[in-house]
Amino acid sequence: MIEVKASLIGRNVYIAGEQLHCIVTLTNVTQLDSSKSTNSSSSNGSKDEVGVERLAWASAQIHCQCVINEARINLPQEFKNNQRNPDQTVDIGTYFAPNRGDAGHSAYLSKPQVLCCDLALRPGCSKTFHYVETLPYNCPPSYRGSNVKYAYKLSIGFQKLHSTMKLSRIPMRVININGIDDMQQYMELAEPTEVSTNPFLSHIKKECSFLDNALEVLSIQASRRNLGSYSITNKSGLVGKFNLYKLAYRLGEDILGYFDFSEAQISCLQYTVVLQSLEEIRKDCIKHNSQNRSMNASYSRFSEACISTINTHFILPIPLTITPGFESNLVTLRWRLRFEFIISTQDLANNDYNGRKHLPDEAWQGPNEVETESLVWDLPIEILATNPVQAFPAVPARLTANLLL
């Protein structure tokens, strides 16, 4: 019996374009009986080793499985051609199919790598293989939406002699950074700007890793500050002013916004801020022309009563588990802040309440009933990726997979 242990190194969250490393260890765990420990002679005089396990082959491959909502999305013909025909005569018992048993179609398949062929393991012996694969820049990110789901797995197939194939799978997450495909010039070796004469300093050229350069590009994208001031009005006048320092945020970052009601012409009783995703189906993939292309989902929420408030602020956290904005062959994902204001249709400062007029030197008291109306405003923002090391602890996931052959 062969024990298989596959382990991802460090984490299971990767940036598109990054290298994935996996250690695969095969161990013969057969326990030999002392009475059978000697070699047995065959009829032709040759000796057969007892307890030796033979593995015909082992292969590894990364695949991204895409599952769609067939009631709303019409799959393009190019994807239908890549789907496996269930009626085809292929012996799946010996054929390496990493997506065997999964619904949907494969949006991405890496080239399969053969780890070993005709491997013989004596009892107690082990063999270790190092699997390395580079993810493409343009692969879709891991995403679980209303219409589309993208899920990544590392599948490793094994087959012993005279046995069927067995699969070992490790789930993984892929996040995208926009513009990372134009970063090749940063991957060259960094040239030293000054040559030091200190003999104790190393003059060896330092190689910049892909992850370091990707995080540098991400930091530049997220650090762009552009103070935006917005006047929120309706048909009756000014409700208030809203200030936001930037429109691009990384996963795990906090959105900080300020409200100024000092010049308001209408009383705002309460405001609510919601972080929403907007999933839009491409025009050529719509199932029915009459259906709505967009669907939204709400995540973080902040609400505050602001009656008689001059200025205030809110802090809205961005979850590490959401997917940054992206565009694929099926859908486009965007992000926005949805504001909902509950405003009064009457002047609360000089109103009549409880059957009498409010006096100037009297402490203000709110009326028992107020006629209100709601005002909804959407502000588009950009959600960017983050350091995969930071995103890894957000969702508990296993890094290893064990299998007995």
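Residues numbered from 1 in each chain as written. Predicted model: local features only at pLDDT ≥ 70, side-chain atom pairs only at ≥ 80, totals over all residues. Heavy atoms only, no water.

**Topic: the sheet that holds strand β19 (residues 311-317)**
- Here we have four strands laid out as an open sheet, ordered β13-β14-β16-β19, and antiparallel in their pairing. With partners counted over all chains shown, the strands left at the sheet margins are β13 (228-234) and β19, one partner each. Strand-to-strand twist across the sheet, computed as the mean angle between neighbouring axes with direction ignored, equals 25°.
- In this structure, strand β14 (residues 237-244) lies alongside strand β16 (residues 254-260), joined through four bridges in antiparallel fashion. Among the inter-strand pairings, F242 is bridged to a residue of β16, identified as F259. (Pairing = 2+ DSSP bridges. Helix = DSSP H or I, 4+ residues; strand = E, 2+ residues; numbered from the N terminus. Axes fitted to C-alpha atoms, helices over the stretch in contact; angles between N-to-C directions.)

**Here's the deal with the sheet that holds strand β25 (residues 400-404)**
- Read across the sheet, four strands follow the order β9-β3-β1-β25 without closing on themselves; strand pairing throughout is antiparallel. If you trace the sheet from one side to the other, it starts and ends with β9 (126-134) and β25, each paired once. Looking at each pair of strands side by side, their axes are set apart by 15° on average, direction ignored.
- Relative to β25, strand β1 (residues 2-8) is paired through five bridges, and the arrangement is antiparallel. Each residue of the ladder has a partner; that of S7, found in β25, is T400.

**Points about a nonpolar patch on the surface**
- Residues M1, V29 and L404 make up a contiguous nonpolar surface patch of about 240 Å² in total accessible area.
- Within the fold, V29 resides in the loop between β3 (19-28) and β4 (40-41). (Patch = residues over 30% accessible without salt bridge, like charges linked within 9 Å, V, L, I, M, F, W, Y side chains within 5 Å. Areas by Shrake-Rupley, 256 points an atom, 1.4 Å probe, with all protein chains shown as cover. Salt bridge = Lys/Arg side-chain N within 4 Å of Asp/Glu carboxyl O.)

**A short note on the confidence of the model for the protein chain**
- Looking at the protein chain, the pLDDT average stands at 80 and 79% of residues meet or exceed 70.
- Below a pLDDT of 50 lies the segment residues 38-48, which in the model reaches eleven contacts outside its immediate sequence neighbourhood of four places, other chains included.
- Long-range and interchain partners of residues 86-91, a stretch whose pLDDT sits below 50, account for one contact in this model, where long-range means more than four residues apart. (pLDDT = per-residue confidence, 0-100. Contact = heavy atoms within 4.5 Å.)

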